[in-house]
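Fold and geometry: a report
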Amino acid sequence: WRGLEGAPYSTLVPSDEVTINYKHGLPVITLTLPTRSERCRFTVKPTVTTVRAFLQDVQREDKGIERAEVFATDGSKVSDATLMEVLLMNDFKLVINNMAYNVSPPIKDKLSSEHATEMEDIKSLVHRLFVALHLEDHQIRKERELLQKLDHLKEELLPLEQMKARITDSADAKTSRLLWVGLALMSTQGGALAWLTWWVYSWDIMEPVTYFITYGSAMAFYAYFVITKQDYIYPDAKNRQFLHYFYRKSKNQHFNVERYNKLKEDLAEAEESLRRLRQPLHLRLPIQEINDKD
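Residues numbered from 1 in each chain as written. Predicted model: local features only at pLDDT ≥ 70, side-chain atom pairs only at ≥ 80, totals over all residues. Heavy atoms only, no water.

Threshold: UniProt positions are given in the numbering used here, feature names are shortened, and annotations may be inferred rather than shown by experiment.
The name given to the protein in an unreviewed UniProt entry is Calcium uniporter protein, with the source organism recorded as Calonectris borealis. Here is the UniProt Sequence similarities (unreviewed entry) comment for the protein, exactly as written: "Belongs to the MCU (TC 1.A.77) family."

Structure, rendered in structure tokens:
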């Protein structure tokens, strides 16, 4: 019989050459080392140890072992990444040099419900101890990462903030000038109507004129609503005109508004994460060490 790589090995030896027993809940594999001809025990952690790690332990114990592989009963090779917990569920063949051992793992007794509950309590306790011992280091490392991220974001935002300030000042100045121009035009219109009413014509002649001017203004406000889907409210109209000037100026000066907004969002998110991280009452942080950094 040949393995997958075609290397021949001798007839299978009796299964008692390799025995598996459970001690303190862990499987203990006992086998005879070919070079030293002595029995050796290997205790494995089934949920952690892989087939590769087990075979390496065997080869490390006996330097004369040149080949160590594991095959399933159908002749297919078992992957080195397979956990021992999975391997020990079924029979398998252990090949060491030219000897093949037929291994039959014993059926592990199922834990009683009381013992299983105790095991779960122990696991929970170990997990809490791990968290208690490693939480502070994790929080400090996370805080340093956030501080570095904040510095990097602020460094990227600095030139964008300066450019935005210049564009904002320019757009605000243009919007203010437009408002003053509107006030000047309304004042001029009012003065012209008064002059025409009292010095040039009479009210009988100017009344229809003022009516159509009022009606035209109403049409203009309605047209504004149709185009913008917003009522003509002076603060909203001012903000809309400001944004119009701002985006036009940004395009001319190649100011990336989307990138600026993304950086601002990332900065706000990082600051919020840092603020939540520095809540020692909730996360049991080392208060003194954090205060020293501030």
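Re a nonpolar patch on the surface
Where we set the bar: Patch membership requires over 30% relative accessible area and the absence of a salt bridge. Like charges are linked within 9 Å, and nonpolar side chains (Val, Leu, Ile, Met, Phe, Trp, Tyr) within 5 Å. Note on areas: Shrake-Rupley, 1.4 Å probe, and residue coverage restricted to the protein chains presented here. Any carboxyl oxygen of Asp or Glu that lies within 4 Å of a side-chain nitrogen of Lys or Arg is treated as forming a salt bridge with it. In this text, helices come from DSSP runs of H or I with a minimum length of four residues, and strands from runs of E with a minimum of two, each type numbered from the N-terminal end. Only protein chains enter the area calculation, which uses a 1.4 Å probe; residues under 20% of their type maximum are buried, those over 50% are exposed, and those in between are partly exposed.
Side chains of W195, W198, W199, V200, Y201 and I205 sit close together on the surface and give an oily, nonpolar patch of about 790 Å² of accessible area. The leading source of residues in the nonpolar patch is helix α3 (residues 113-200), at 4 residues. W199 sits in the exposed class, given a relative accessible area of 65%.

Things to note about the confidence of the model for the protein
Defined as follows: What pLDDT expresses is the predictor's confidence in each residue, scored from 0 to 100. Residue contacts follow a heavy-atom distance rule, with two residues in contact if any of their heavy atoms lie within 4.5 Å.
Per-residue pLDDT for the protein has a mean of 77; in total, 79% of the residues score no lower than 70. Ranking the elements of the protein by mean pLDDT puts helix α8 (residues 287-293) last with 45 and strand β4 (residues 68-72) first with 89. Under a pLDDT of 50 for its full length, residues 281-294 has, in the predicted model, 24 contacts with residues more than four places off or in other chains.

Considering helix α4 (residues 203-228)
This is how it is decided: Any helix carries an expected span of 1.5 Å times its number of residues minus one.
In a regular helix each residue adds 1.5 Å, so 26 residues correspond to 38 Å; α4 covers 37 Å between its end C-alpha atoms and thus fits that length. Among the residues of α4, M206, Y224 and T228 are the ones counted as buried. Positive phi shows up at K229, right after α4, with a value of about 60°.

Focus on unusual backbone geometry
Of note in the backbone geometry, N97 takes a positive phi value of approximately 55° without being a glycine. Its place among the elements puts N97 in the loop between β5 (92-96) and β6 (99-103). The backbone phi angle of H254 is positive, close to 60°, even though this residue is not glycine. Relative to the elements of secondary structure, H254 occurs in the loop between α5 (234-252) and α6 (257-277). A residue is classified by how much of its surface remains accessible, and H254, at 71% relative accessible area, is exposed.

Observations concerning the UniProt feature "transmembrane region" (unreviewed entry) in the protein
The sites that UniProt annotates as "transmembrane region" (unreviewed entry) are residues 178-197 and 209-227. Note that residues 178-197 is 100% helix and 0% strand, and that its end C-alpha atoms are spaced 28 Å apart. The span residues 209-227 carries 100% helix and 0% strand; its end-to-end C-alpha distance comes to 27 Å.

Let's talk about the environment of S250
Definition in use: Side-chain atoms alone can form a polar contact between residues adjacent in sequence; in general such a contact is a pair of N or O atoms within 3.5 Å, and within protein one must be able to donate a hydrogen while the other accepts it.
Mapped onto the elements, S250 comes out in helix α5. In this structure the C-alpha to C-alpha distance between S250 and T168, which are 82 residues apart in sequence, comes to 9.4 Å. In this view, S250 contacts I167, F255 and V257; residues no more than four positions away in its chain are not counted. In this structure the side chain of S250 is engaged in a polar contact, spanning 2.8 Å, whose partner is the backbone oxygen of F246.

Focus: the sheet that holds β4
Whether parallel or antiparallel, the strands of a sheet pair through hydrogen bonds between backbone atoms. Quick reminder of the rule: By definition, two strands form a pair when at least two bridges between them are found by DSSP. Axes here mean lines fitted to C-alpha atoms, for a helix over just the part in contact, with angles spanning 0 to 180 degrees between N-to-C directions.
Strand order in this open sheet of 3 strands is β4-β5-β6, and the pairing throughout is antiparallel. Either end of the sheet is taken by a strand with one partner, and the two such strands are β4 and β6. Within the sheet, the average angular offset between the axes of one strand and its neighbour, ignoring direction, is 25°. Taken together, the 5 bridges between β4 and β5 define a ladder with antiparallel strand orientation.

Re the pattern of salt bridges
Summed over the entire model, instances satisfying the criterion amount to 7 salt bridges. One salt bridge in this structure joins R67 and E69, with 2.8 Å as the shortest N-O distance. When its relative accessible area of 15% is taken as the criterion, R67 is described as buried. With its nearest N and O atoms 2.9 Å apart, the salt bridge here joins D266 to K262. Of the two residues, D266 and K262 both sit in helix α6, 4 residues apart, roughly one turn of that helix. Among the residues examined, K262 registers a relative accessible area of 45% and is labelled partly exposed.

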